Amino acid sequence: MAEPGVETRTRSSVITARAAASFEPVGRSVATARTFVRDTLQGWGYSDVVDDAVVLTSELVTNAVVHAGTNADVLCLRTEEGIRVEVADHYPEREVPLQGSGQSFGNPDREGGRGLLLCAALASRWGVDYTPTQKQVWFQLDLPQRAVGARSAGPLLPAELLPVADGRVRVAVIQIDATGAVSSWNEDATELFGHPADQVVGKQLTDFAAWPHTPGTGTGIADALQLSRWEGSYGIRTADGRVVPVYASHLRVRDAQGEPSTVCLLVNDYERAVLQTPARTPQNDSNSFTDHRTTDPFEVFIGSPAPDDLDGLLQRTVERARDMLDADAAFLLLATDDETELEVRATTGLPSARQRFARVPVEAGTGRYGSARMPAVHEDLAAVPGAVPLLNGTGMRSVVTVPLKVEGRLTGSLGVSTEAPGRYSNEQALRLQFAADRIALAVESARLGELEKLRRGSLSFLVEASDLLAGTLDRDQTLALMAQMTVPTLAAWCAVYTIADQSSEPYLSYVLHEDEERIDGLKALLSRISPPEPVPTPGARSWAAPGEAAHQAALTSSMRSLGLGSSPALGSGIGTTLATAAAVGGETVVLPLVARNRVIGMLTLGKPSDDHFRQEILELAEDLSRRAALALDNARLYSERTAISQALQRSLLPPGLPEVPNVEVEVIYRAAGEGNEVGGDFYDLFPIRDGAYGFAIGDVCGTGPEAAAVTGLARHALRLLAREGFSGPAVLERLNAAILDEGARSRFLTLLYGELWPQEDGSALLKVVCAGHPLPLRLRQDGTVEPAAEPQPLLGVMEDLELYEQSVTLEPGDVLLCVTDGVTERREGTRMLGDDGLADVLSTCTGLTAGAVAGRILRAVERFAAEPASDDMAILAMRVPEPPK
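A quick note: this is a predicted structure, and the numbers were derived from the prediction, not measured. (Residues numbered from 1 in each chain as written. Predicted model: local features only at pLDDT ≥ 70, side-chain atom pairs only at ≥ 80, totals over all residues. Heavy atoms only, no water.)

**What to know about the overall build of the protein chain**
Move 1: Per the secondary structure count, the protein chain includes 20 helices and 35 strands.
Move 2: Considering the protein chain as a whole, with its 885 residues, one finds that 45% of them fall into the buried category.
Move 3: Of all intrachain contacts in the protein chain linking residues separated by at least 6 positions in sequence, the fraction that spans at least 24 positions is 62%.
Move 4: Within the structure as shown, the protein chain displays about 43,900 Å² of accessible surface, and the carbon and sulfur contribution to it stands at 51%. (Helix = DSSP H or I, 4+ residues; strand = E, 2+ residues; numbered from the N terminus. Buried < 20%, exposed > 50% of the residue type's maximum accessible area, 1.4 Å probe, protein only. Contact = heavy atoms within 4.5 Å. Areas by Shrake-Rupley, 256 points an atom, 1.4 Å probe, with all protein chains shown as cover.)

**Observations regarding the nonpolar core**
Move 1: Counting 35 residues, the largest nonpolar core has V61, V74, I83, F139 and L141 as its most contacted members.
Move 2: Looking at this core, the elements with two or more residues in it are strand 1 (15-23), helix 1 (28-43), helix 2 (50-68), strand 2 (72-79), strand 3 (82-89), helix 3 (114-122), strand 4 (125-130) and strand 5 (135-142).
Move 3: By residue number, the principal contributor to this core is helix 2, which donates 8 residues.
Move 4: What F139 contacts, discounting residues up to four positions off in sequence, is A53, L56, T57, L60, I83, R84, V85, C119, A123, R125 and W126.
Move 5: Residues A483, M485, C494 and L512 belong to the second largest nonpolar core, which totals 33 residues. (Core = buried A, V, L, I, M, F, W, Y, C linked by side-chain atoms within 4.5 Å.)

**Considerations on the sheet that holds strand 6 (residues 172-177)**
Move 1: Within the open sheet, the 6 strands sit side by side as 7-6-11-10-9-8. Their pairing is antiparallel. The open sheet has two edge strands with one neighbour each: strand 7 (182-185) and strand 8 (209-210).
Move 2: With 9 bridges connecting them, strand 9 (residues 229-237) and strand 10 (residues 243-254) associate as antiparallel partners. If you follow S233 over to strand 10, its bridge partner there is Y247. (Pairing = 2+ DSSP bridges.)

**Description of the sheet that holds strand 3**
Move 1: Across the sheet, which stays open at both edges, the 5 strands sit in the order 1-2-3-5-4 with antiparallel pairing between neighbours. This sheet does not close on itself; its edge strands, each paired only once, are strand 1 and strand 4. The mean angle between the axes of side-by-side strands here comes to 15 degrees, regardless of whether they run parallel or antiparallel.
Move 2: Relative to strand 5, strand 3 runs antiparallel, the two sharing 8 bridges. Bridged to V85 within strand 5 is F139.
Move 3: Taken strand by strand, helix 1 contacts strand 1, strand 2 and strand 3, and its axis lies near 165 degrees from that of strand 1. (Axes fitted to C-alpha atoms, helices over the stretch in contact; angles between N-to-C directions.)

**Details of the packing of helix 19 (residues 834-842) against helix 20 (residues 850-864)**
Move 1: At their nearest, the axes of helix 19 and helix 20 sit 10 Å apart, and the two run at 135 degrees to each other. Relative to helix 20, helix 19 is oriented oblique. In this structure, the crossing between helix 19 and helix 20 has a hand that is right-handed. Along the contact surface, helix 19 presents L838, V841 and L842, while helix 20 presents V853, R856, I857 and A860. (Parallel < 35°, antiparallel > 145°, perpendicular 65-115°, else oblique. Left-handed = near helix turned anticlockwise from the far one by under 90°.)

**Details of the packing of aromatic side chains**
Move 1: Here the structure, examined in full by the defined rule, presents 6 aromatic pairs.
Move 2: An aromatic cluster is built from W185, F193 and F208, whose rings are joined through pairwise contacts.
Move 3: When the ring centre of F434 is taken as reference, the NZ or CZ atom of R438 above it lies at 4.4 Å.
Move 4: Residue placement shows R831 over the ring face of F864; its charged tip is 4.4 Å from the ring centre. (Phe/Tyr/Trp six-rings, centres within 6.5 Å; stacked < 30°, edge-to-face > 60°. Lys NZ or Arg CZ within 6 Å of the ring centre and 35° of its normal.)

**Regarding a nonpolar patch on the surface**
Move 1: A cluster of nonpolar residues, L157, L161 and L162, forms a patch on the protein surface that exposes about 300 Å² of accessible area.
Move 2: Relative to the elements of secondary structure, L157 occurs in the loop between strand 5 and strand 6.
Move 3: By relative accessible area, L157 is classed as partly exposed at 48%. (Patch = residues over 30% accessible without salt bridge, like charges linked within 9 Å, V, L, I, M, F, W, Y side chains within 5 Å. Salt bridge = Lys/Arg side-chain N within 4 Å of Asp/Glu carboxyl O.)

**So, the environment of A440**
Move 1: Considering the arrangement of structural elements, one finds A440 in helix 10 (residues 426-470).
Move 2: Along the primary structure A440 and P403 are separated by 37 residues, whereas in three dimensions their C-alpha atoms are 9.0 Å apart.
Move 3: For A440, the residues in contact, after removing those within four places along its chain, are L404, K405 and V406.

**Some thoughts on the pattern of salt bridges**
A side chain of one charge can pair with a side chain of the opposite charge if their charged atoms are brought near each other.
Move 1: Under the criterion given, the structure shown has 26 salt bridges.
Move 2: In this structure, R242 engages D240 in a salt bridge whose closest nitrogen and oxygen atoms are separated by 3.2 Å.
Move 3: On the accessibility criterion, D240 (55% relative accessible area) is exposed.
Move 4: Ionic pairing is found between E444 and R447, a salt bridge with its closest N-O pair at 3.1 Å. Here R447 and E444 lie together in helix 10, a separation of 3 residues that amounts to about one turn.

**So, helix 8 (residues 310-324)**
Move 1: If you check helix 8, its first and last C-alpha atoms are 21 Å apart, about what 15 residues at 1.5 Å a residue would give, namely 21 Å.
Move 2: Every buried residue of helix 8 is accounted for by L310, G312, L313, L314, Q315, T317, V318, E319, A321 and R322.
Move 3: Positive phi appears at D326, one or two residues downstream of helix 8, with a value of about 50 degrees. (Expected span 1.5 Å × (residues − 1).)

**Quick look at the confidence of the model for the protein chain**
Move 1: Per-residue pLDDT for the protein chain averages 80, and the proportion of residues at 70 or more is 81%.
Move 2: No element of the protein chain has a lower mean pLDDT than helix 9 (residues 352-355), which averages 50, and none a higher one than strand 32 (residues 815-819), which averages 95.
Move 3: Below pLDDT 50 for its whole length, residues 1-11 participates in 27 contacts with residues either more than four positions away or in separate chains.
Move 4: Predicted confidence is poor over residues 93-113, with pLDDT under 50, and the contacts of this stretch with residues over four places away or in other chains come to 22 contacts. (pLDDT = per-residue confidence, 0-100.)

**Some details on the packing of helix 10 against helix 11 (residues 475-486)**
Move 1: Look at helix 10 against helix 11: their axes get within 10 Å of each other, and the N-to-C directions meet at 165 degrees. Here helix 10 lies roughly antiparallel to helix 11, going by the angle between them. Considering how the two elements wind past one another, helix 10 and helix 11 form a crossing that is right-handed. Contacts from F461, A465, L468 and L469 in helix 10 reach T478, L481, M482 and M485 in helix 11.
Move 2: Residue classes in the contact of helix 10 with helix 11 are distributed as 7 nonpolar, 1 polar and no charged. (Nonpolar A, V, L, I, M, F, W, Y, C, P; charged D, E, K, R; others polar.)

**Description of unusual backbone geometry**
Move 1: Of note, the bond from V487 into P488 is cis; its omega dihedral lies within 30 degrees of zero at 0 degrees.
Move 2: Secondary-structure assignment places P488 in the loop between helix 11 and strand 18 (493-498).
Move 3: In this structure, D326 takes a positive phi of about 50 degrees despite not being glycine.
Move 4: On the secondary structure map, D326 appears in the loop between helix 8 and strand 12 (329-335).
Move 5: One non-glycine residue, N662, adopts positive backbone phi at about 60 degrees.

Take a look at the structure:
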């Protein structure tokens, strides 16, 4: 059923092509859908209706993925008359409107319904189709009527205004197959680039393409080859190693068998007018010529539409400046916040990778950019070396530079240069200054927008970094987090040095590179050079040692490979050495890690060959280093205290269990709480004298360090008193007095203490005292389980105790099981394992060794409840083995 008053005529024209895609209900899908429709229609050659189609698609997909919250299905159809686009959502509770309901779109300013209003305003025809499961909105855009054979045309121009080209314009035609390999290479391509066809066919285009030729290009070459149509600039490496700037037009096609390929048309970049698609400009109804008096000077220079990002705008600016003065190269620098330095942000015709984000001072002097604040013309840089540091070693001779100013404040500098001397005069400087004045405000606005975006991103980055660093107290994990947060977000590689104390040398603790294959070589390089000085001064400082060492190592390896070094044989690591040199050949900075007024390490960040850090990145790295230093120091303190605590706790455990003749003994001990090795439960087995052994298992009230302190007192007192010859009751009475002497620190204690005498007939005699502790259980060979002692008062509560000992004889095959209440009081909701549950488990252990008995008891306790145990637990199993048959 359709909306009333809306045309519902179905597709009557022949469909010649179709493309479909589905987009998830997330915000970024709207932009992805716009790109899909734009690329599809441009690939079909329908650029005249692309803008309207993209606007309508954006509104309709927004309704589907944002308002309806479902997937949006987009279908593009091509006919002889134009294009039809259908957008469907899957809103599950949509009602089918009644015929003649009189529904209207309402106010155009309301939140919903604007997509349909736009359809009514822009589309040739449109409609809405409803089903019980989805709503589909479609629109059709007819192609404008054009003269036969005409796609676009420009006005008549005088000959002096026509674009300049060589007398013989060569258009390289290269065809690229689905794998990215060259399948066709014409004669003009050979003339332009010097490569014969038989030497390039079958090779990857990426072997010849210098992509991107200039920074600011957002699409990679692999992506560009997949688009239905693409235009832009990049470079082609010639047979003699030069890079020729080209302007290219790519068209994706398929052959009769359906195999896709890409046809690339390339011309010299300065002849781009041959291929470049003219920008669509509105025509005056009364006159076909545009009134230049009303044209925006910014658009005249930059072109329309202007790039919407800072890098794109700067790159367009240097390209226009180069073309305007027929230069070999152009560059643009932006001023820092304090206007004391200029930062290279865009170049063309120069080794941009080497210069990007490099900084030069503004003030006058040798090697300084003295012409930044006013226009300047240098007829020959060879006569004034260092006048423009950016051009040192580039072969440029003649240069003109002009400032970018906003409200009298220096915001940047624009320059063009050529390899020939004496090319520029004051007239060219005035032309370039006029252009700079037109773009200065736009550049500053884009720069401030980028800076605000960077600051918001920095805050988000620091918040996430703080959360990650605060989430661990492990030193090694903190080091790894520090490196992983900086690489590759802030730097290409990172090294963390740590300093144990003030008398220690910095130690290389962690190394990370964005290319994992470079990590070993980088670590080996840094290990061979002296670490940076631990200077507490805040901020980043340059460190030249890694780059110098890498350069020297690469030079030595290269000489050896040529037989010029001390060892003529080629070293096996030359590839790694050269790759490492390239990886650390850029700028390297060191930031101190200062915590609690002490330098505890250094964070070292590096860039690859001839690359530089932006000031904003260094400031962000400094903020990160402060947070990382505190997290690293906290991890160090925690590790030290944990080590001390564990050492003290281990001193409270028995050093080892002695071998008891004819008796199997097994102990399992679990302390509750993270990081605790000893708690309120304890055990011991020790020799008293020849043929006699003492054993004990106890439970101090509570857990943790306070309970562990009483544990240590009890265990050492038991050994001392037992070896003095006291009987079991006398040992426990004296221990009771010692606990009460602790005063406010005393804690009551349940304790099972006994003495064990192995007998010659294979049995074992035990004398036990059970002072408030869970009773020991005896398992006989026939599977019966019974208590092996009677309960008596616990220790640490009353001063006068009258305790007695009980004798038990373990026959061959019998087991004595002693546990703490962490076993019997194991809970799951309202259920508890209890003494009866423990006895049931023990009754199934007939014939098992002491170790197997203890293990089965532990598994039963762990399986009884899903939650981890909250109480200490100790299990002591003793078994008299049966004589061999």
